[in-house]
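# Reading the structure
Letter by letter, the chains look like this.
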Amino acid sequence: YREAGVWAAYVRDGRTAIFEALGPLADDIRWHVALSAAAGIAGYQRGMFPLHASGVRYPTGVVAFVGRTGAGKSSLSAALVQRGISLLSDDLCLLKPDGRGGYVSGPGAPEIRLRDDAMVSLDWDWTIGEADRTTRQLMARVPRSVDDQDIPVRAIVALEFGNGPSRLDRLSDAQPLNVLAGAIRLRMGLHRFPPGRRLQAFALTSAIARTIPVYRLTRPRDY
C-alpha cells in the first residue's frame, strides 16, 4: 500500500510491517501510516474487515461512525467522550465474526485526531486527556474504560452534512452494502482488492451489511 511520493508500507502475514518514507513525514502522517493503514492491512490479512470508522462503546455494544474525510467521525466521537461515552477506536475499527452470527471489534489506540477548528467547536476539556499538537491536527489522548476484549458491534452510522433539521434513517436494500463498500479502509474499494481475494472481500462485506443495522445521520454543520 502506498501514497505516491510520500510513503509506502508492506505488511506480511498480518504480523510484520515495513515502512518506507519517500520524503519528510509529519507526525500525523506517521500516525496514519502506522496505526491506521498498516493496522488495517494486517487486520484484513487476519480475516477481519477494516472499517474506516470511529467507534464508541455504549453499555450494549459498539456504534461505529463512517463517512468521507471531514464528515465528522472523530468530532462526533469526541463529543460523546465529553459526555461520558467510552472511546473504542478512532479512524479504524477491525470487525470480525463472533461465531454466533454477529460481529465484534476490539479497542484501538486511545487517541482521537482532531483538527484545530474541531477543538474550538467542541470547547475541548483539556483535563479529559493529554494532547500533542502536530502540523495539521491535534492528537487528544483520552482515557479508555474498556479492556482488551472484543465487543459486539450493534450499529454502523454513515455521517453526512445537510440543510434542515437532523435526521436518522435506517438504510435498506443495497444501501448498507454501498455504505460498507465505500468505508473499507486503505482506500481499498472492492475493485482494488487482489483479484484472488475480491470474492472473499465481497462476501464479507455483504454478510456484514445483512447482519449489522446501517443508518445515515444527516445533520447541519453546527449540529
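Residues numbered from 1 in each chain as written. Predicted model: local features only at pLDDT ≥ 70, side-chain atom pairs only at ≥ 80, totals over all residues. Heavy atoms only, no water.

### Quick notes on the overall build of the chain
What counts is decided by this rule: Strands here mean DSSP runs of E at least two residues long; helices mean DSSP runs of H or I at least four residues long; both are numbered from the N terminus. Only protein chains enter the accessibility calculation, which uses a 1.4 Å probe. A residue is then buried if its area is under 20% of the maximum for its type, exposed if over 50%, and partly exposed in between. Throughout, a residue-residue contact means that at least one pair of heavy atoms, one from each residue, lies within 4.5 Å. Reported accessibility uses the Shrake-Rupley method at a 1.4 Å probe radius. Residues are deemed covered only where the shown protein chains occlude them.
In terms of regular secondary structure, the chain is built from five helices and 15 strands. Residues classed as buried in the chain amount to 48% of the 223 residues present. Taking contacts inside the chain between residues at least 6 apart in sequence as the whole, the part at least 24 apart equals 69%. Of the roughly 11800 Å² that the chain leaves accessible, carbon and sulfur atoms contribute 49%.

### Quick look at the sheet that holds strand β3 (residues 16-21)
Going by this rule: Two strands form a pair only when DSSP identifies at least two bridges running between them.
Taken in spatial order, the three strands line up as β1-β2-β3 in an open sheet, and their pairing is antiparallel. Looking at which strands have only one partner, the edges of the open sheet turn out to be β1 (2-3) and β3. Pairing analysis gives two bridges linking β1 to strand β2 (residues 7-12), with the strands arranged antiparallel. Among the inter-strand pairings, Arg 2 is bridged to a residue of β2, identified as Ala 8.

### Topic: helix α4 (residues 175-182)
Defined as follows: Taken from the helix axis, the directions to the C-beta atoms give the arc we talk about.
Those residues of α4 lying buried are Pro 176, Val 179 and Leu 180. Looking down the long axis of α4, one finds its buried residues gathered within 95° of arc, a one-sided arrangement. Opposite its buried face, α4 presents the exposed residues Asn 178 and Gly 182, each directed more than 90 degrees away. Contact partners of the buried residues in α4: β4 (49-51), β6 (61-66), β13 (151-161), α5 (198-211) and β15 (214-219).

### Side note on the pattern of salt bridges
Stated formally: By definition, a salt bridge exists where a carboxyl oxygen of Asp or Glu is found within 4 Å of a side-chain nitrogen of Lys or Arg.
Taken as a whole, this structure holds five salt bridges when the rule is applied. With a closest N to O distance of 3.0 Å, Lys 96 and Asp 150 form a salt bridge. Separated by 54 residues along the polypeptide, Lys 96 in strand β8 (residues 93-97) and Asp 150 in the loop between β12 (137-141) and β13 bring together distant segments of the chain. Two residues, Asp 98 and Arg 100, come together in a salt bridge whose shortest N-O distance is 3.7 Å. Its relative accessible area of 23% is what places Asp 98 among the partly exposed residues.

### Regarding the nonpolar core
This is how the line gets drawn: Throughout this description, the term nonpolar core refers to a set of buried Ala, Val, Leu, Ile, Met, Phe, Trp, Tyr and Cys residues connected via side-chain atoms within 4.5 Å.
If you look at the biggest cluster of nonpolar residues, it comprises 25 residues, and the most contacted ones within it are Phe 49, Leu 51, Val 66, Leu 95, Ile 156 and Ile 208. At the level of elements, β4, β6, β8, β13, α4 and α5 are the ones that each hand at least two residues to this core. Core analysis: the second largest hydrophobic core is formed by 11 residues, Val 56, Leu 76, Val 157 and Leu 159 among them.

### Focus: the environment of Ala 64
By secondary structure assignment, the location of Ala 64 is in strand β6. Ala 64 gets classed as buried once you look at its relative accessible area, which sits at 1%. Separated by 25 residues in the primary sequence, Ala 64 and Ser 89 have C-alpha atoms spaced 9.1 Å apart. Dropping the residues within four chain positions of it, Ala 64 is found in contact with Leu 51, Ala 53, Ser 54, Gly 55, Cys 93, Ala 155, Ile 156 and Val 157.

### Structural notes on the pairing of β15
Pairing analysis gives six bridges linking β13 to β15, with the strands arranged parallel. Considered in β15, the bridge of Phe 161 is made with Arg 219. As paired strands, strand β14 (residues 167-170) and β15 are joined by four bridges and run antiparallel to one another. Note on β15: the bridge partner recorded for Leu 168 is Leu 217.

### A look at α5
What counts, and what does not: Multiplying 1.5 Å by the helix residue count minus one yields the expected span of that helix.
Taking 1.5 Å per residue as the helical rise, α5 with its 14 residues ought to reach 20 Å, and the 20 Å between its terminal C-alpha atoms agrees with that figure. Taken as a whole, α5 has its buried residues at Ala 201, Leu 204, Thr 205, Ser 206, Ala 207, Ile 208 and Ala 209.

### Notes on the packing of aromatic side chains
The test is simple: Any two of the Phe, Tyr and Trp rings considered here, Trp counted by its six-membered ring, make a pair once their centres fall within 6.5 Å; the pair's planes then place it as stacked at under 30 degrees, edge-to-face at over 60, or tilted in between. Lysine and arginine charges are scored as sitting over a ring when NZ or CZ, respectively, is within 6 Å of the ring centre and within 35 degrees of the ring normal.
Overall, the coordinates contain zero aromatic pairs when judged by the stated rule. The aromatic ring of Phe 161 is capped on one face by Arg 221, whose charged end is 4.1 Å from the ring centroid.

### A few points about the side chain of His 52
To be explicit about the condition: In the analysis that follows, any N or O atom pair within 3.5 Å is treated as a polar contact, provided that within protein one partner can donate a hydrogen and the other can accept it, and provided that, for residues neighboring in sequence, both atoms belong to side chains.
Within the secondary structure, His 52 is located in the loop between β4 and β5 (53-58). A relative accessible area of 14% means that His 52 is categorised as buried. Of note is the side chain of His 52, whose polar atom sits 3.2 Å from the side chain of Asp 91. When residues no more than four places from it in sequence are discounted, the contact partners of His 52 are Phe 65, Val 66, Thr 69, Lys 73, Asp 91, Ala 183 and Arg 185.

In short, shape yes, function no, at least from these values alone.
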